[in-house]
Amino acid sequence: MTLLVPFDGSKLAQNALKKASTFGDLLDEEVVVLTVIPDDDEYARERGWITAGEPFDLEAIEAGMKTRAGEVAPEATVRTERVSSDEPTSTSTTDVVREIRRVAGEVEASVVFIGSENAGSVIAPQSSVGSPVANDQRYDVYVVREPGDSVDPEDIADIDSTIE
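Below is a summary of the structure that appears in this document. Quick caveat: nothing in here was measured; it's all calculated off a predicted structure.

1. Some points on the overall build of the chain
Regarding its fold elements, the chain presents five helices and five strands. Looking at the chain alone, contacts between residues at least 24 apart form 71% of all its contacts between residues at least 6 apart. In the structure as shown, the chain presents an accessible area of about 9,900 Å², 47% of it carried by carbon and sulfur atoms.

Structure (structure tokens):
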């Protein structure tokens, strides 16, 4: 069994990697961290991989992501994949999703750990890889969220509230 963690360096991705690492230790399973890097400087800037005005350097981004993942889970296998697309209707997010799903099949992932702030919501942002990755039936998906500091008691529903 392989546990796969798509990793973009965000706080949510770090939380997903921490959780996968804990599961990997408990189950004695390999954890594979995957960063997919599109050939798209705007995508890199949106994720904080490079700053405004900084040149788009795939090797530097790759090295930085490997370092960040290694700081969170030193025992994990860190893997980066580069993607580019000539399809006129394809987006960088679409290319990233395709690559995550391809690698999940290649490593025979049994569980993919995804950090998502939108878990359970009806809206699926265009820039999110979570929903399309979760739609693949070849593996289970563990959604990792970062709970807020405080929760309004009215926002908490128990199971009895779902029964009419």
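2. A word on the pairing of strand 2 (residues 30-38)
Counted residue by residue, strand 2 has eight buried out of nine residues, so it is predominantly covered. With five bridges joining them, strand 1 (residues 2-6) and strand 2 adopt parallel strand pairing. Bridge assignment links leucine 4 to a residue of strand 2, and that residue is valine 32. Taken together, strand 1, helix 1 (residues 11-27) and strand 2 constitute a β-α-β crossover, and its handedness is right-handed. With seven bridges joining them, strand 2 and strand 3 (residues 77-83) adopt parallel strand pairing. Bridging from a neighbouring strand, valine 36 pairs with glutamate 81 of strand 3.

3. Concerning the sheet that holds strand 3
Sheet strands associate in pairs through backbone hydrogen bonding, adopting either a parallel or an antiparallel arrangement. Taking strand neighbours across the sheet as the criterion, the five strands line up as 3-2-1-4-5 in an open arrangement whose pairing is parallel. Two strands bound the open sheet, and with one partner strand each, they are strand 3 and strand 5 (140-144). Taken over all neighbouring pairs, the strand axes of this sheet differ in orientation by 25° on average, direction set aside. Its contacts with the sheet put helix 3 (residues 58-72) on strand 2 and strand 3, and the angle it makes with strand 3 is roughly 155°.

4. Topic: a nonpolar patch on the surface
Taken together, the side chains of Met1, Leu26 and Leu27 present a nonpolar region at the surface, about 330 Å² in accessible area. Exposure remark for leucine 26: the relative accessible area of 70% places this residue in the exposed category.

5. Some words on the pattern of salt bridges
For the structure shown, the criterion picks out ten salt bridges. Here arginine 82 makes a salt bridge to glutamate 62, at a shortest N to O gap of 2.8 Å. With arginine 82 in strand 3 and glutamate 62 in helix 3, the pair connects residues that are 20 residues apart, well separated along the chain. Owing to a relative accessible area of 39%, arginine 82 belongs among the partly exposed residues under this scheme. What makes glutamate 62 buried here is its relative accessible area of 17%. Measuring nitrogen to oxygen at the nearest pair gives 2.8 Å for the salt bridge that ties glutamate 81 to arginine 79. As far as burial versus exposure is concerned, glutamate 81 and arginine 79 are alike and both buried. Beyond isolated ion pairs, a larger network of salt bridges with shared partners links Arg79, Glu81, Glu99, Arg102 and Glu106.

Definitions and limits used
Residues numbered from 1 in each chain as written. Predicted model: local features only at pLDDT ≥ 70, side-chain atom pairs only at ≥ 80, totals over all residues. Heavy atoms only, no water. Helix = DSSP H or I, 4+ residues; strand = E, 2+ residues; numbered from the N terminus. Contact = heavy atoms within 4.5 Å. Areas by Shrake-Rupley, 256 points an atom, 1.4 Å probe, with all protein chains shown as cover. Buried < 20%, exposed > 50% of the residue type's maximum accessible area, 1.4 Å probe, protein only. Pairing = 2+ DSSP bridges. Right-handed = clockwise from strand over helix to strand, strands pointing away. Axes fitted to C-alpha atoms, helices over the stretch in contact; angles between N-to-C directions. Patch = residues over 30% accessible without salt bridge, like charges linked within 9 Å, V, L, I, M, F, W, Y side chains within 5 Å. Salt bridge = Lys/Arg side-chain N within 4 Å of Asp/Glu carboxyl O.

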